[in-house]
Every structure is written in C-alpha cells, then in structure tokens.
Amino acid sequence: MESLYNVFKRRGYTRRDFLKSALLIASTIGMGPSFLPQVVKALESKPKPQVLWLSFQSCLGCTQSILNSTSIVPADVLSEYISLEYHETLMFSHRSKEAMDLQKGRYVLVLEGSLPVDGGFYCTGGGRSAEEILKSLMDGAGLILALGSCASWGGIAHAEPNPTKAVAVDEILKHKRVVKLPGCPPVGDVIVSVIASFVVTGKPPEVDGEGRPRVFYGQTIHDRCYRRPFYDAGKFVGSFEGEDAQRGYCLYRMGCKGPITRNACATVRWNGGLSFPIQSGHPCFGCSEADFWDRGFIYRPLSVVEEGFSWKEALAGALIGTALGYGTAYINKKLGGG
Ligand code: SF4
Ligand code: SF4
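Report on the accompanying structure. (Residues numbered from 1 in each chain as written. Chains lettered and ligands numbered in written order. Predicted model: local features only at pLDDT ≥ 70, side-chain atom pairs only at ≥ 80, totals over all residues. Heavy atoms only, no water.)

1. A few points about the packing of aromatic side chains
For the structure shown, the criterion picks out 12 aromatic pairs. Pairing Tyr5 with Phe18 gives two aromatic rings, centres 4.6 Å apart and planes at 45 degrees, and the pair type is tilted. Placement of the pair is Tyr5 in helix α1 (residues 4-10) and Phe18 in helix α2 (residues 15-28), with a sequence separation of 13 residues. The interplanar angle of 65 degrees and the centroid separation of 5.7 Å between the aromatic rings of Tyr231 and Tyr252 together place this pair among those described as edge-to-face. One end of the pair, Tyr231, is in helix α12 (residues 228-232); the other, Tyr252, is in the loop between α13 (243-246) and α14 (292-295), and 21 residues separate them in sequence. Linked through ring pairs, Tyr5, Phe8, Tyr13 and Phe18 together constitute an aromatic cluster. (Phe/Tyr/Trp six-rings, centres within 6.5 Å; stacked < 30°, edge-to-face > 60°. Helix = DSSP H or I, 4+ residues; strand = E, 2+ residues; numbered from the N terminus.)

In structure tokens, the structure reads:
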C-alpha cells in the first residue's frame, strides 16, 4: 500500500507541499518542528492508514467534518490518504471482514454515533444489531476512535428521555482502549491529525482521564480564547446588537460555556484555521462536553447554569417545600401552635 508522500507525488504536488503538510501534522500532534525529520520519514515510508468507519446513531456531522478538513492535507490527497475500506453510510453493502484484507493492529476503527442497547430493535444493519456489528470488527484495530459527542458520551440520542437507551461506545467496549474525540462535530483537522499521528508513531495518542488526546483537549476554550483579556478586565457583551458586541468583548454573559469546555476550537479553529464560533460573535455552548444537550440553556450564563437550576430541580424543590410546609403545619398543630 502506498505512502502519503506517493499520493502527493501522484497527484502532482511538489515536495514543498508535502513538507508543509508534514510540518502541520507534526505541530498539530504536538511533536513540534524538531520532530519533522521523523514525521517526514514515517509519511514517506509507512503505508497509508486503513480505516473502517461505522456509523450508528448520529447525524453524520462527523463524516461531514472530516470531508471538509483540507488545511492539513489538500482535499484530493485526503480522499486518497485515508484508505476508507468501509463506511457504513457511504457504502451500500456489508462487506465481510475477511474480504477487507485488514492488517491486524494497523487499521483504524472509527465509530460515529451512540449505540442503542434496546435489544436489537434500533440501528440494525443486515439483521445484526449495532453492538454485534461493532464487536465483530473491534479485535485487531490498532486505534479505536469514538468520534463526536454521540460516540464519546451518548450525545443527542442519549438526551432525555433517551428512547433507544443510547450509550457511549466505551460502555460497550469496556475493556478496549477507546480514544475519544468529542465535539458536535469534532474539528475535522483534529480527526485527520489523530489518524496521522497513529501512522507516524504506530500507537494511540496520549490521552487524559476521559480518553481525550491531551494535545487537543488539554485546555479549555477559555484558556486559549483571544477574548480572554476582556473577561479578565470585566468587559462583557450584554446584547448581540450592542456596541459591546461590536467591540468584541467577552461573551460570558451571553451564555459562553468556554470556561468548562475542552476542545481545540480556539487553537486549531474551523474552516482551514479561519475562524471559530466565538470569533464569529457567538458563545461556545460546550458541544464537546458530556450531556451538553440536557444541560440546555445555550444562552443562559454559566454562573446561572452552575447554580444548578433546572425545571426538574425546581419542581423537586417545590415538592419538598410543600411537604416541609405540611410537615411544619402538622408539628405545629400537634404542639398546639396553631
Ligand atoms: S468568550 Fe467565552 S471562552 Fe472567550 S473569554 Fe469569554 S467566557 Fe472565556
Ligand atoms: S466553540 Fe464550543 S460549541 Fe462551538 S464547536 Fe467549539 S466546543 Fe462546540
């Protein structure tokens, strides 16, 4: 199987173009320019990665995200660089694992979407449940990626009332090492970089306690946000139409969840590194954090959300309050207080 460098050459790109991509890969995977020779050697000599892409309960936003990722390698190279052996949604028929000629320990299993644990009613394919399909392909994968917030945390399908009993993939693959790339969707260049780092190093990236690559999820959006000086100075946007918004002040009061959200948006950015939601004037709503959907209240300031307000809790509080009221009245009555 050919290497990334050969794909560049065959597509008519220069050595300079290839080195530029290699440098981007080195920097995005946290290896830095001093590791460039090692990265170049690996990309010249190692075969391109075999990828199996299974889609479960998802909106296919993660597929769309990688298709739009063109800043690390050009689009036509990307489509060839990743040897997509099988994509559950883009390809019509089920191919058998044997027919795919997968190389043990070398292929990447990409999992998009949450899994229903409803007994095989939802999300079946060819008469097999999502869980069966997943388990038939997991052995032998050198890298298992849970792509997006659905595969990482259960995502939207897992939101209340969770009719399919959706779970994150690592709840099924309990004894496997699953690398999570949460986000709704995750940044496309992050997906490409993590797969590239597997080609270069031959092993999964270093992860945090939640299974997320430290290089991309080690800091919060707030840690790296260019509006941070305004936050520190206490200058906040109070309305999307106001002058404060035009001045680019901090979006905390508009509901920004950057302080509790770990993702690469503020560093890698979107659309070829062009921008990210906060740069476009919209608060981060924390799409890469678990259960962000159930927390809701996109435009509610974090200080209010962190106080723990929810309709459920308000209702429970009212019920407890009513019960306490009745209890107090009963005790008073017994004590002859009224
Ligand atoms: S806009 Fe959001 S992430 Fe940026 S400094 Fe303000 S609160 Fe933090
Ligand atoms: S800025 Fe926040 S909500 Fe927007 S994509 Fe990034 S993590 Fe998700």
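2. Observations regarding the nonpolar core
In terms of nonpolar packing, the biggest core is built from 57 residues, with Leu4, Leu43, Leu145 and Leu181 touching the most fellow members. Looking at this core, the element that brings in the most residues is helix α9 (residues 188-201), giving 9 residues. Two domains each provide a minimum of three residues to this core, namely domain 1 (4-217) and domain 2 (221-306). The next biggest cluster of nonpolar side chains, apart from the first, holds 22 residues, and it includes Tyr107, Leu109, Leu115 and Ala130. (Core = buried A, V, L, I, M, F, W, Y, C linked by side-chain atoms within 4.5 Å. Buried < 20%, exposed > 50% of the residue type's maximum accessible area, 1.4 Å probe, protein only. Domains from an automatic or database assignment.)

3. Examining the site of ligand 1
Lining the immediate environment of ligand 1, one finds His222, Cys225, Arg227, Arg228, Tyr231, Cys250, Leu251, Tyr252, Cys256, Gly258, Pro259 and Ile278. Among the residues making up the shell around ligand 1, the classes are represented as 8 nonpolar, 2 polar and 2 charged. (Near = heavy atom within 4 Å. Nonpolar A, V, L, I, M, F, W, Y, C, P; charged D, E, K, R; others polar.)

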